[in-house]
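# Coordinate analysis (summary)
Here is what each chain is made of, one letter per residue.
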Amino acid sequence: MSGPRRRRHAWIAIGALGSLVTAAAWAPATAAPAATGSPATQVAAPVSAPTTVATAADPDAVDGEYRDRFLALYSTIKDPANGYFSDQGIPYHAVETLMVEAPDYGHETTSEAYSYWIELEAVYGYVTGEWEPLNEAWATMERYMIPQQADQPTNAAYNPSSPATYASEYNHPSRYPSALSSGVSVGRDPIAAELRSAYGTSDIYGMHWLADVDNVYGFGAAPGAGCTLGPDYEGTSYINTFQRGPQESVWETIPHPSCEEFEFGGRNGYLDLFTGDSSYAKQWKYTNAPDADARAIQAIYWANEWATDQGKAAEIAGTVAKAARMGDYLRYALFDKYFKTIGCTSPSCAAGSGKDSAHYLLSWYYAWGGAVDTSSAWAWRIGSSHAHFGYQNPMAAYALSTVPALQPEGATAVADWTASFDRQLEFYRWLQSADGAIAGGATNSWDGAYATPPAGTPTFYGMAYTVAPVYNDPPSNQWFGMQVWGMERIAELYYETGDERAEALLDTWVPWVTANTTFSGADWRVPGTLAWSGAPDTWNPANPGANANLHVTVRDHGQDVGVAGSLARTLIYWAAASGDDEAQANAKDLLDSIWANNQDDKGVSAPEVREDYRRFDDVMTSTSGDGVYVPQGWSGTMPNGDVITPGVSFLDIRSFYEDDPDWSKVQAYLDGGAAPEFRYHRFWAQAEIAKALADYDRMFGGEDPGDPDTQAPTAPGTPTASAVTATSATLTWAASTDDVGVTGYEVQSATGTRLATSSTTSAALTGLTADTSYTVRVVARDAAGNVSVPSGTVTFRTAAGGDTTAPTAPGTPAISGITQTSATITWAASTDAVGVTGYEVQSATGTRLATSTTTSVTLGSLTPDTAYAVRVIATDAAGNVSVPSATVSFRTLPSTGTGACTATFTVANSWPGGYQATVEVKAGTSAITGWTTAFSLSGSTVAHLWSGTQSGSGSAVTVANAAWNGALAAGASTSYGFIGSGSAPTTGPAVTCTTP
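From a predicted model like this one, the values you see are computed outputs, not experimental measurements. (Residues numbered from 1 in each chain as written. Predicted model: local features only at pLDDT ≥ 70, side-chain atom pairs only at ≥ 80, totals over all residues. Heavy atoms only, no water.)

Assigned domains within the protein chain: domain 1 (139-607), domain 2 (720-797), domain 3 (814-891) and domain 4 (901-994). Between the C-alpha centres of domain 1 and domain 3 there is a distance of 38 Å. (Domains from an automatic or database assignment.)

Attention now moves to helix 10 (residues 500-515). With 16 residues, helix 10 extends 23 Å from end C-alpha to end C-alpha; this agrees with the ideal 22 Å at 1.5 Å per step. Taken residue by residue, helix 10 has Ala502, Glu503, Leu505, Leu506, Trp509, Val510, Trp512, Val513 and Thr514 as its buried positions. Structurally, helix 10 contributes buried residues whose contacts are with helix 8 (413-431), helix 9 (481-497), strand 16 (526-533), strand 17 (551-558), helix 11 (561-578) and helix 12 (581-597). A side-chain oxygen of the first residue of helix 10 lies 2.8 Å from the backbone nitrogen of arginine 501; this N-cap is aspartate 499. (Helix = DSSP H or I, 4+ residues; strand = E, 2+ residues; numbered from the N terminus. Expected span 1.5 Å × (residues − 1). Buried < 20%, exposed > 50% of the residue type's maximum accessible area, 1.4 Å probe, protein only. Contact = heavy atoms within 4.5 Å. Polar contact = N/O pair within 3.5 Å; in protein donor to acceptor, adjacent residues only side chain to side chain.)

Another point: helix 7 (residues 394-402). Among the 9 residues in helix 7, 8 count as buried, and that is most of the element. Listed in full, the buried residues belonging to helix 7 are Pro394, Met395, Ala396, Ala397, Tyr398, Ala399, Leu400 and Ser401. Against helix 5 (290-309), helix 6 (317-329), helix 8 and helix 9 lie the buried residues of helix 7.

Attention now moves to the side chain of serine 605. Relative to the elements of secondary structure, serine 605 occurs in the loop between strand 19 (603-604) and strand 20 (607-609). Exposure remark for serine 605: the relative accessible area of 0% places this residue in the buried category. With residues up to four places along the chain from it excluded, the contact list for serine 605 reads Val561, Asn598, Asp600, Arg679, Tyr680 and His681.

Attention shifts here to the sheet that holds strand 4 (residues 210-212). What the 4 strands build is an open sheet, ordered 1-4-5-6; its pairing is antiparallel. Looking at strand neighbours, the two that pair on one side only are strand 1 (108-110) and strand 6 (256-257), the edges of this open sheet. The pairing of strand 5 (residues 237-240) with strand 6 spans 2 bridges and is antiparallel. Each bridged residue has a counterpart across the sheet, and for asparagine 240 the counterpart in strand 6 is histidine 256. (Pairing = 2+ DSSP bridges.)

Another aspect to go through is the state of the cysteines. Evaluated as defined, the whole model comprises 3 disulfides. Here cysteine 227 engages in a disulfide with cysteine 259; their sulfurs sit 1.9 Å apart. Judged by the torsion about the S-S bond (-105°), the cysteine 227/cysteine 259 disulfide is left-handed. Of this pair, cysteine 227 sits in the loop between strand 4 and strand 5 while cysteine 259 sits in strand 7 (residues 259-260), and the two are 32 residues apart along the sequence. By relative accessible area, cysteine 227 is classed as buried at 2%. Paired by a disulfide, cysteine 901 and cysteine 993 hold their sulfur atoms 2.0 Å apart. The sign of the S-S torsion, about -110°, decides the handedness of the disulfide formed by cysteine 901 and cysteine 993: left-handed. One end of the pair, cysteine 901, is in strand 38 (residues 901-911); the other, cysteine 993, is in strand 45 (residues 992-994), with 92 residues separating them in the sequence. Comparing cysteine 901 with cysteine 993 shows no difference in burial state: the two are buried. (Disulfide = S-S within 2.5 Å.)

Shown next as structure tokens:
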């Protein structure tokens, strides 16, 4: 690498979309039975305008030239006169309206914009000590970008054992609509039950990716207020665009509402443009862009660190808890689209039965949807099979797996994010080219259809390398912005943790980007378009390859202020952590050049010539070319009356553009003139420059990188010890001061051995020995690596009698009371030095099946005629876990039906006085034309049933198929559900299934 390393921070801290050219890709909707009805409509009142800059700064706030620049730009962004926010307080994608990128209109918003706003307010809280604007930003996002319960009303009908119906993706829009196919197996959703248990709801807590803030399209899909309120509604509206494979560019999309009531579009609204089915139901559906949710969580990590340092953690504790909850649901992005096993190369490959469908990467989307009609309820969820390196965020994974305040409540969430943290860093390493830049990504579903990749395709844990994951028009990894978005997170991680894997990535990447960037003067330039050749080596975690045949070429350069801000931030974090003076100087020069040459009355900008605007009036002339594809025979209308029919252009179904104040420039271009030039003010770009200015002030203050800082911080205050246990203690101390800035502290033994590090004025010591005296001190460091004299020492003694002895193994389990869907497990008790507190019944591979405080448990919701192998472990109050008992096997009884079909009863959710149940019906070895199920309930009755026809009443329940779900292919399945009144069955009753 370039530059001396005199500022190495090696200790561990305690504690889309290009310029949005990328997009949360299509959210394939699973069809379901036709439904009727619509949710109640109620227009929500707008929130207050975003908070403006505070007039009084916190006494501990940072001060300096770059801090003042940050506050000036922050004030410009928050000034209502400049147009960054709507009347509802929602950040627009850009100030300008005539803009086509991933959002197809400038006054749409994205989850990306919200995440940058949250980051901006986190930095503002650090600079000023005022945290209410951050809480306000999160609350606005929660109100308008996370679908409310009324927006996703039928999630309670979701069946984790059958998450969605398969529909293939295709490489060109002309292959759509894609037919739904129940003949392709879909795996089980392994996290739905624990999410419901953790939060008491079946609703998803994650952002939808796109909204029409001014309702310019006129769908009126208003958060909480109604499904499609139409053009007269004034306010933000959930919409979607991308739906039809990797070749569908923004210029080829057909906008549609996220809630479909067949009010606009064609006979079936817009559904039959995307998915093929025999009938269509009114439905809602949302798509999450995981990089945006991860960025919001990353921002809250830093906010929590800084607010804690200021003694103000309580002011944002509620927002921090919500970020942890968002991280729980973000785990859907870690799973294959249809929960198939990783390494799938055929539609017939195995369906996942647990975490074997997790690739542990932040994939391109997750999506969920369901019926509008609550009386015929159904719902679906999918992950994504495609992973782009630019979406990875190991900083967020680090926060969710290690920071107590941000650890989600889901039972396996911390373990999942711990695995994801390592997997993401491996992914970066696998994709790093010989030149230093990071290549595209990988897929578990070749061609979007679980096809077999070409021979010789490199793989990463069974996933196939692809140079342009998800979309090809333009290729998803040609935009340099993906490089800086991804590597800025790596630089933050290295700065905060000293992770050697992050350091190695930056050691190669920074020299490459430095050689290809002009940092100073009015003609500063950053890379623009990248071209790739070769491929990585197949991943071997024990011996990673050098990727000698994987190369990148920079095809052009330009002035993209947002990308430049991300690059500056990457270099700032790298320089502060590594001591790379050249990187610090380059970051400073780049920020100074933008400040001197690119300011205007609305922030910072640069001229952009938009040759791609020639595609406004493109029409499709062949089924392999560009243009908006509408199937022959399909016709419909947009809410404003624009006709959708074969042969239309992007402009034809967005005629409102012709009324835009800037349209004349585009029209002149379409008439043969020069390509139009614009100066855009994207929200994310303004926020990124502002954050970079604050970062520089925080890391380096007014330091000239050419003049070494030789002044050490003052000594920290003498630490105090609290919360002392047998194995841990918490230390706190008064902050040090420094002429430039303190960057961290190190807790040492009295002889100088490092015990812990922290970026705040407290640290947790763990792994201590019981009944032992410890004497500790603290030193402070600055960005130049100068170390203070030690603080005074404090001595404390850990508590006596720490329990480190695990219980003995439980006795070999005995099985009794076996039915089609249940079995009782008993075992001999374990013993413990202090006392056994509980047992866990596991599968043979360690998956938790049940817990008990006694020596028996009944397993319910089992599958008839299925083999099970179980074992038991014991735990004590100290968290010690025994070795497992011996494993025993048993098989549930076969169904008592005719053999032509079987049925399985599952309790999906329960509450005092009621519950929700699902009955899955599966055809045997032959196709069936109808079915009837029967079972008995004890202590409850059916209050409301959907997707079936009930006869009889009382405890004996008989349910036959509905008109639409009686015919099943051999081995295919369907399900019905009901709300029960009374106590939920502790074990699923045996269900008989017969056919006509």
